[in-house]
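Close look at the chain arrangement
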Amino acid sequence: MENKVRVNGMTFVPYLTAEEIQRQVKRIADDLRRDLEGKDPIFLCVLNGAFIFAADLYREVNLPDSVITFMRYKSYEGTSTTGNVKQIVGLYEDIKGKDVVIIEDIVDTGLTAERMIADIKEREPASVRFVTLLHKPESSRNGFKPDYAAFEIPPKFIIGYGLDLDGKTRGLKDIYVLENED
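Notes on the structure follow. (Residues numbered from 1 in each chain as written. Predicted model: local features only at pLDDT ≥ 70, side-chain atom pairs only at ≥ 80, totals over all residues. Heavy atoms only, no water.)

1. A word on the overall build of the protein chain
The cut-off we apply is this: Numbering of helices and strands runs from the N terminus; a helix is a DSSP stretch of H or I covering at least four residues, while a strand is a stretch of E covering at least two. Each residue is assigned to one of three classes by its accessible area relative to the maximum for its type, calculated with a 1.4 Å probe on protein chains only: buried under 20%, partly exposed between the two thresholds, exposed over 50%. Contacts are assigned to residue pairs that have any heavy atoms within 4.5 Å of one another. Note that accessible areas follow from Shrake-Rupley with a 1.4 Å probe, and for residues the cover is restricted to the protein chains shown.
The number of helices and strands found in the protein chain is three helices and 10 strands. Beginning at the N terminus, the succession of helices and strands in the protein chain can be written as β-β-α-β-α-β-β-β-α-β-β-β-β. By residue count, 50% of the 182 residues in the protein chain fall in the buried class. Long-range pairs, those at least 24 residues apart, make up 66% of the contacts in the protein chain with a sequence separation of at least 6. As displayed, the protein chain offers around 9000 Å² of accessible surface, 45% of which is attributable to carbon and sulfur atoms.

2. A few points about the pattern of salt bridges
Put simply, the rule is: For salt bridges, the criterion is a side-chain nitrogen of Lys or Arg within 4 Å of an Asp or Glu carboxyl oxygen.
Under the definition given, this model contains 14 salt bridges. A salt bridge links Asp 108 to Lys 136; the nearest nitrogen and oxygen atoms lie 3.6 Å apart. With Asp 108 in the loop between β6 (99-107) and α3 (111-121) and Lys 136 in the loop between β7 (127-135) and β8 (148-152), this residue pair connects regions lying 28 residues apart in the sequence. Close ionic contact of Asp 164 with Arg 170 constitutes a salt bridge, the shortest N to O distance being 3.3 Å. Three or more residues are tied together by salt bridges with common partners; here these are Arg 27, Asp 31, Arg 34 and Asp 35.

3. A closer look at the packing of aromatic side chains
In plain terms, the rule: Ring geometry is summarised as follows: Phe, Tyr and Trp rings, the Trp one being its six-membered ring, pair when their centres sit within 6.5 Å, and such pairs are stacked at plane angles under 30 degrees, edge-to-face over 60 and tilted between the two.
Scanning the model with the defined rule gives three aromatic pairs in all. Between Phe 12 and Phe 157, the ring centres sit 6.2 Å apart and the planes meet at 55 degrees, which makes this aromatic pair tilted. In this pair, Phe 12 sits in strand β2 (residues 10-16) while Phe 157 sits in the loop between β8 and β9 (158-159), placing the two residues 145 residues apart along the sequence. This pair shows no difference in class: Phe 12 is buried, exactly as Phe 157 is. Seen in terms of ring centroids, Phe 130 and Phe 144 are 5.3 Å apart; in terms of plane orientation they differ by 85 degrees. Their pairing is edge-to-face. Linking Phe 130 in strand β7 with Phe 144 in the loop between β7 and β8, this pair joins segments that are 14 residues apart in sequence. The class of Phe 144 is buried, set by a relative accessible area of 12%.

4. Points about unusual backbone geometry
A cis geometry characterises the amide bond from Leu 47 onward to Asn 48, with omega recorded as 5 degrees. Secondary-structure assignment places Asn 48 in the loop between β3 (42-47) and α2 (51-61). The phi dihedral of Glu 124 falls on the positive side, at around 60 degrees, and the residue is not glycine. In this structure Glu 124 comes out as partly exposed when scored by relative accessible area, which is 48%.

5. A few points about the nonpolar core
Inclusion rule: Take the buried residues of types Ala, Val, Leu, Ile, Met, Phe, Trp, Tyr and Cys, join any two whose side-chain atoms come within 4.5 Å, and each joined set is a nonpolar core.
Ranked by size, the top nonpolar core spans 31 residues in total, and within it Leu 32, Phe 53, Leu 57, Leu 133, Leu 134 and Ile 175 carry the most contacts. Listed by contribution, the elements that provide at least two residues to this core are β2, α1 (18-35), β3, α2, β6, β7, β8 and β10 (175-178). Looking at this core element by element, the count peaks at five residues for α1. Here Phe 53 is in contact with Val 25, Ile 28, Ile 103, Glu 104, Val 131, Thr 132, Leu 133 and Tyr 161, once residues within four sequence places are set aside. The next biggest cluster of nonpolar side chains, apart from the first, holds 16 residues, and it includes Met 71, Ile 95, Ile 102 and Ala 113.

6. Comments concerning α1
To be explicit about the condition: Expected helix span is computed as 1.5 Å times (number of residues minus one). Summarising the geometry, the arc corresponds to the directions from the helix axis toward the C-beta atoms.
Here α1 contains 18 residues, and its C-alpha end-to-end distance of 26 Å stays within 8% of the 26 Å for a straight helix at 1.5 Å per residue. Listed as buried for α1 are Ala 18, Ile 21, Gln 24, Val 25, Ile 28, Ala 29, Asp 31 and Leu 32. Buried positions in α1, seen along its axis, are confined to an arc of 165 degrees and lie on one side of it. Those residues of α1 that are exposed and angled more than 90 degrees off the buried face are Glu 19, Arg 23 and Arg 34.

Given below as structure tokens:
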């Protein structure tokens, strides 16, 4: 893990190591495998931030009859949420009667998560499960709680392992927090 990462004039310091992340990916994969036994779920990766987490999780769950697809919502600009949730890329697969697992990188206010779940439920799936790498319960506006969360974290701005700052830093293997953010 690098000691510090500088991007866009900001300094970020180590927060979660790749090893810590992979332990939690395995834990969630075990839970999902148990909960989805005998089913052929559709895993739905929310682009762009969740693609690394989704790939690791999907491989670890290892359900041969499952499929993975992608959609994209946007609510962030720079380091803060706009409060406006926009669907950028929609879901084209038929999910009626299917078990859907939404994979997200981070749940901050919960507005995007709630919007995604509502959009998916309109298409009459058998079930909807929501998985996130990171959950900021203190930031939740409506008390949203994901079904599975790898980590609960305080309301700080973070980067790495798919999470970005203006499209940068997604490729970092570890997660970093903005230095001196209190």
